[in-house]
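Tertiary structure, described
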Amino acid sequence: MPGSSEPWEYTLYIPHDLRAVTLCRHTLRLMLTLHCLPQVADMAELLATELVSNAVRHTKGPAALRVRYADGVLRIGAWDADPTPPAPPPRVAEPGAERGRGLDLVRACADGWGWHPAATEPGKHVWCELDAA
């Protein structure tokens, strides 16, 4: 079984269906468990859920969960086919708001985050990183 020190990467393509967010969350936990990284599983699940649900909720096409581990850093990303940049997270969410806090949560909980246009396909990647060492 590979240890957590070896680099690895996975991509899980999903349809435009909110049920796929749950599938991504469970698949991510299994990935992290099998790669001996259970210590970051809870936070990674939370962040992946926010990124993937944004990709599904705010675009019209397919999406993907991308997970990469190298040099003690776990990068979690969501790809979607819409090239429009994500809206910047609000500095302060309105009291009682049930939506619009996802990227604010990512910004607060991740060690880094950002987005970039997709290089080899249409769309964009929104990503975050966790120190998994």
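Heads up: the structure comes first, above all this text.
One structure accompanies this document, and this report is about it. (Residues numbered from 1 in each chain as written. Predicted model: local features only at pLDDT ≥ 70, side-chain atom pairs only at ≥ 80, totals over all residues. Heavy atoms only, no water.)

Examining the layout of surface pockets
Counted as a void, the second largest pocket has a volume near 200 Å³. In terms of lining residues, the second largest pocket is bounded by E9, R66, V67, R68, R75, I76, G77, A78, H116, H125 and W127. For the lining of the second largest pocket, the secondary-structure elements that each account for two or more residues are strand 2 (63-70), strand 3 (73-80) and strand 5 (124-131). Of all the elements, strand 3 adds the most residues to the lining of the second largest pocket, at 4 residues. A breakdown of the residues in the lining of the second largest pocket according to their chemical character gives 4 nonpolar, 3 polar and 4 charged. (1 Å grid on protein atoms, 1.4 Å probe; cavity = no way out; pocket = protein on both sides within 12 Å on 5 of 7 lines; lining within 4 Å. Points joined across faces, edges and corners; volume = space filled by probe spheres on them. Helix = DSSP H or I, 4+ residues; strand = E, 2+ residues; numbered from the N terminus. Nonpolar A, V, L, I, M, F, W, Y, C, P; charged D, E, K, R; others polar.)

Examining the packing of aromatic side chains
Where two aromatic rings form a pair, the distance of their centres and the angle of their planes describe that pair. Counted according to the given criterion, the structure contains 3 aromatic pairs. Here a set of aromatic residues connected by ring pairs shows up, and it is made of W8, Y10 and Y69. Across the ring face of W127, the terminal group of R75 is positioned such that the distance to the ring centre comes to 3.8 Å. (Phe/Tyr/Trp six-rings, centres within 6.5 Å; stacked < 30°, edge-to-face > 60°. Lys NZ or Arg CZ within 6 Å of the ring centre and 35° of its normal.)

By themselves, these figures tell us nothing about what the structure is for.
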